[in-house]
Structures are given as structure tokens and as C-alpha cells.
Amino acid sequence: MQLLPETLERMRSVLYFCSSMGRQSEEQSTPDDLAVRRRFLRAALAEFASLDEATAIDMKATRKTVAKMLELDDPRIHIVRLLRHANVHLAVSDVTQSCRDVEWANHEFQFQIFYSKDLKASILQTAQAPKYAVDDLAEMIQWLEEEQMEWGLDHLILRTAELYAHLVL
């Protein structure tokens, strides 16, 4: 990614906002803390969407072309873009916290997951949602809802940004 400086900068922003949103704490999140995490969610989604333009700028400098996000075949990129439209143009999703037991490097601990319960309704209200086949959109939303409950929205957005980077490089 060193050859794509604008894209790299946006990827770093996605990483920063996702890690800030998903920051682990010893305490249960307060409503004020969840509101801050919601702001980081919105910022991460905005930076994710900006990867499209940043890549176009970088590719123009190298005299190469690359497909736009919505021209790519991977539905994960499409659903995260729809989530961005829902959160930026309609209403911000409320962020909720849950925990799950995990084991890593022989250590057991509680991992906090930050997710949103109202994703389906928000996404269906976007102007872009009708552009997708009903069954395809339902599957994309189901994937999004299941994935966020596994490791959190922060992880989902970051992994999708990473996927996008692999597809365009």
C-alpha cells in the first residue's frame, strides 16, 4: 500500500476509528461512552467509503484504473457501503454492548462486542437498497447482522476495508 499514499492514509483512519470504537474496557459502557463509540462508528464508515475516491486518486497518479467499490462483486463491500449510507444520511445506529467468553494464548477473558440492533431497518431505508435484488439484500443484511455479533461492528468494518484493499491491489 506504500505505492497508494492516499488510500493508505484512509486505511489508517479506518483502523484508528475502528480500534477506538472497539476499545476494550474493564467496565460496562455508560450511555456517554456508547455515544462516543457511535461517533467512531460513523467516522469509520465515512472513511471506509472514502477509500473509493482515495484509490481513484492514487490510481490516476499511476495511470492505472481500478473498479469502484460498487462495481466489485463482493457483497460484503456493498453491505458496508449501505451501512455507511444508513448511518450518515439517515440516522446513526445505536451502539449496544455485549460480552462473550474467549480464549487467546491460553488466557480466558471477556471480550466486549459493540453492535447495533437496528441495522436491517436502517439499510432498507437507504436510497441504494432498492438497487439490489430482494433476496440478495436479505442475505447481505443477514451476513452483516451475524458477523457483527461474532466480533463487533468495528472488526467487521476493518476486515471489509482490508478485503477491499486486497481486491484493488
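Residues numbered from 1 in each chain as written. Predicted model: local features only at pLDDT ≥ 70, side-chain atom pairs only at ≥ 80, totals over all residues. Heavy atoms only, no water.

### Quick word on the pattern of salt bridges
At step 1: This model, assessed by the stated rule, comprises nine salt bridges.
At step 2: The residue Arg-10 makes a salt bridge to Glu-6 at a minimum N-O spacing of 2.9 Å. You can see Arg-10 and its partner Glu-6 sitting in helix α1 (residues 5–21), four residues apart, about one turn around the helix.
At step 3: The residue Asp-52 makes a salt bridge to Arg-81 at a minimum N-O spacing of 3.9 Å. On the criterion of sequence distance, the pair formed by Asp-52 in helix α2 (residues 31–61) and Arg-81 in helix α3 (residues 75–90) is long-range, its members being 29 residues apart.
At step 4: One continuous salt-bridge network, built from bridges that share partners, spans Arg-23, Asp-33 and Arg-37. (Salt bridge = Lys/Arg side-chain N within 4 Å of Asp/Glu carboxyl O. Helix = DSSP H or I, 4+ residues; strand = E, 2+ residues; numbered from the N terminus.)

### Describing the environment of Ile-141
At step 1: As for its position among the elements, Ile-141 is in helix α5 (residues 134–151).
At step 2: Counting along the chain gives 62 residues from Ile-141 to Ile-79, while the straight-line C-alpha distance between them is 7.0 Å.
At step 3: Every residue in contact with Ile-141, bar those within four places of it in the chain, is listed here: Ile-79, Lys-120, Ile-123 and Leu-124. (Contact = heavy atoms within 4.5 Å.)

### A word on the packing of α5 against helix α6 (residues 153–168)
At step 1: Between α5 and α6, the least distance of the axes is 7 Å, while the angle of their chain directions is 115°. In this view, α5 runs roughly perpendicular relative to α6, as classed from their interaxial angle. Residues Trp-143, Leu-144, Glu-147, Gln-148 and Trp-151 of α5 form the contact with α6, whose own contacting residues are Leu-153, Asp-154, His-155, Leu-156 and Thr-160.
At step 2: Residues of the contact of α5 with α6, tallied by class, amount to five nonpolar, three polar and two charged. (Axes fitted to C-alpha atoms, helices over the stretch in contact; angles between N-to-C directions. Parallel < 35°, antiparallel > 145°, perpendicular 65-115°, else oblique. Nonpolar A, V, L, I, M, F, W, Y, C, P; charged D, E, K, R; others polar.)

### Focus: α5
At step 1: The end-to-end C-alpha separation of α5 is 27 Å, in line with the 26 Å expected for 18 residues at 1.5 Å each.
At step 2: Where α5 is concerned, the buried positions are Leu-137, Met-140, Ile-141, Leu-144 and Gln-148. Projected down its long axis, α5 shows its buried positions confined to an angular sector of 95°, all on one face. Those residues of α5 that are exposed and angled more than 90 degrees off the buried face are Asp-135, Glu-139 and Glu-146.
At step 3: Just downstream of α5, Gly-152 is the residue with a positive phi angle, here 110°. (Expected span 1.5 Å × (residues − 1). Buried < 20%, exposed > 50% of the residue type's maximum accessible area, 1.4 Å probe, protein only. Arc of directions from axis to C-beta.)

### Description of the pairing of strand β1 (residues 96–104)
At step 1: In terms of strand pairing, β1 meets strand β2 (residues 107–115) through nine bridges, oriented antiparallel. Within β2, the position partnered with Asp-101 by the bridge is Gln-110.
At step 2: Where β1 hands over to β2, the hairpin turn is made up of two residues, of which Ala-105 adopts a positive phi near 50°. (Pairing = 2+ DSSP bridges.)

### A short note on the packing of aromatic side chains
Two aromatic rings, taken as a pair, are described by how far apart their centres are and by the angle between their planes.
At step 1: Following the criterion strictly, the structure yields four aromatic pairs and no others.
At step 2: With a centroid separation of 5.3 Å and an interplanar angle of 70°, the aromatic rings of Tyr-16 and Phe-17 are classed as edge-to-face.
At step 3: With a centroid separation of 6.4 Å and an interplanar angle of 85°, the aromatic rings of Tyr-16 and Phe-40 are classed as edge-to-face. Taken together, the positions of Tyr-16 in helix α1 and Phe-40 in helix α2 put the pair 24 residues apart, joining distant regions of the chain.
At step 4: Counting every residue linked through ring pairs, the aromatic cluster contains Tyr-16, Phe-17 and Phe-40. (Phe/Tyr/Trp six-rings, centres within 6.5 Å; stacked < 30°, edge-to-face > 60°.)

### Here's the deal with the environment of Ala-49
At step 1: Looking at the secondary structure, you find Ala-49 in helix α2.
At step 2: For the pair Ala-49 and Arg-76, spaced 27 residues apart in the sequence, the C-alpha separation amounts to 13 Å.
At step 3: Apart from the residues lying within four places of it in its own chain, the contact partners of Ala-49 are Met-69, Arg-81 and Arg-84.

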